[in-house]
Every structure is written in C-alpha cells, then in structure tokens.
Amino acid sequence: ELKVEQNPLFLSMQEGKNYTIYCNYSTTSDRLYWYRQDPGKSLESLFVLLSNGAVKQEGRLMASLDTKARLSTLHITAAVHDLSATYFCAGISNSNSGYALNFGKGTSLLVTP
Amino acid sequence: GAGVSQTPSNKVTEKGKYVELRCDPISGHTALYWYRQSLGQGPEFLIYFQGTGAADDSGLPNDRFFAVRPEGSVSTLKIQRTERGDSAVYLCASSFYPGGRAGELFFGEGSRLTVL
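Quick notes on the rules
- Residues numbered from 1 in each chain as written.
- Chains lettered and ligands numbered in written order.
- Predicted model: local features only at pLDDT ≥ 70, side-chain atom pairs only at ≥ 80, totals over all residues.
- Heavy atoms only, no water.
- Buried < 20%, exposed > 50% of the residue type's maximum accessible area, 1.4 Å probe, protein only.
- Helix = DSSP H or I, 4+ residues; strand = E, 2+ residues; numbered from the N terminus.
- Pairing = 2+ DSSP bridges.
- Disulfide = S-S within 2.5 Å.
- Phe/Tyr/Trp six-rings, centres within 6.5 Å; stacked < 30°, edge-to-face > 60°.

Enquirer: Describe the pairing of strand 3 (residues 19–24) of chain B, naming the residues involved and giving the relevant values.
Expert: Residues and elements named next belong to chain B. The alternating pattern of strand 3 places Val 19, Leu 21 and Cys 23 on a buried face and Glu 20, Arg 22 and Asp 24 on a face that is not buried. Taken together, the 3 bridges between strand 1 (residues 5–7) and strand 3 define a ladder with antiparallel strand orientation. Bridging across to strand 3, Gln 6 finds its partner in Cys 23. Both strand 3 and strand 8 (residues 75–79) contribute to a ladder of 5 bridges, which runs antiparallel. Bridge pairing in strand 8 places Cys 23 opposite Ser 75.

The following block contains the structure:
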C-alpha cells in the first residue's frame, strides 16, 4: 500500500518568507496531487503533477515532482496570511482499481505578520 | 449544481443507529469516491464507483459500511449499527476522465457525523 509522508506537519512562518513542504511516498505513484483545506471546509485542488520533472506554479505556490526520488515539494514564495491553511499531498495507490488516492496527514501552515 | 453536494452537512446520532449520507456529484462525472477524515488526519479512502458499480471498496472498514450508486449519479453511504469510532467527516468527491486514470478530484463540503 502506498504510504505518503509529509513534513513538516506544522509550520509557522512570517509573511514575506519562503518555505518548502516535502511529500515522500513509499511506492510507485505516477501522479501526485496537492490540495488545500481551510478549517471546516472541504479540499480544494491545487495541482496535479503527471510526470517526472513536472513543475506547476500558481501565484505564490509552486509544486514539483521527482518520481525517481518519490518526492514532491510545495514551495511557498513570499508568504501572505491568506495562505494559512492545511496542505495535503496524495498519490495514487496500486490498489485493485488503481484509482484510490492515498493522502498524507497534511501540513498545517500558519502565516503570521 | 456547480459542485459536489453532500447532505446532511451535520448528523448527530446515537450509538447503534443507522445512518445514510448522500452525495450528488458534479453533472457528467463518471467517477465517485467516498473518503473519511478524522480530526487532524488526511482523508482516508473508503470506496470508489465508476458508473453504477463499486470498482474498489477495499477501504470500507467493515461490513457495517455499504455504499450504492444505483443510477450512476447520486450515491448513498450507509452505516449500520453506528459506533463512536465512526465519528468523522465523510467526504465525497467526483471526477471525469474518459477511460484514463484518475484526474482531478472535486470534493464536497462533507457530512460531519457524530455518534454519541
């Protein structure tokens, strides 16, 4: 079964700073997902990374995928308070159907003034 | 509707009772997923439907949990003889991909179940 580990699990950072969230996974997953969740809300899709070396950027967030290292990163540039949320990465499990997403525990991000 | 709709948004029940949670996916999405999210955890896969059939139910924790999608659209997650450990937010997601592997999943707001 695919195991997904994120670190850090908690992150407090100042506005304007840069930081990276790491997502390691245990077995082959040919695509990697990043989601954002605000308190009491559902998950919002941020990125779907489909191949080795894929890099996607949206605003202050940039995600990348290294399938050989089984690693994805979510880089935050010049953080602002609005980015405070929990961020999840998920990979595809090699289950019977091959369609189940396995999520990490999430990284709870707090951006402070 | 524009997004995935789940009802009820909140359900409080007593231990041993039967519960049904409903999911109305995005129109035209053939794939439907149920996940369960406990406090402070990531979503945990329960079951996946492609059309009317359950293509993967390997995540259902035991036989008290059952889900149906009789017409390939709306799905109902059914929990019998509820236990306190079933308390969680139950999330539904849908996706469209014509014969390929999973694309982007769109999640509903969830149904928060509390078993007293």
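Enquirer: Provide a residue-level description of the state of the cysteines, including the pertinent values.
Expert: Residue and element names in this part refer to chain B. Tallied over the entire structure, the rule returns 2 disulfides over all chains. What pairs with Cys 23 in a disulfide is Cys 92, and their sulfur atoms sit 1.9 Å apart. Judged by the sign of its S-S torsion, about -70 degrees, the cystine formed by Cys 23 and Cys 92 is left-handed. Of the two residues, Cys 23 sits in strand 3 while Cys 92 sits in strand 9 (residues 88–95), which places them 69 residues apart along the sequence. Assigned by exposure class, Cys 23 and Cys 92 land together as buried.

Enquirer: If you had to explain the packing of aromatic side chains to someone new, which residues and values would you point to?
Expert: All names here are of chain A. Inspection of the entire model under this criterion finds 9 aromatic pairs over all chains. An angle of 50 degrees between the planes, with centres 5.8 Å apart, marks the rings of Tyr 35 and Phe 103 as tilted. Here Tyr 35, found in strand 4 (residues 32–37), pairs with Phe 103, found in strand 10 (residues 101–103); they are 68 residues apart in sequence, far enough to count as distant. You can call Tyr 35 buried: its relative accessible area is 0%.

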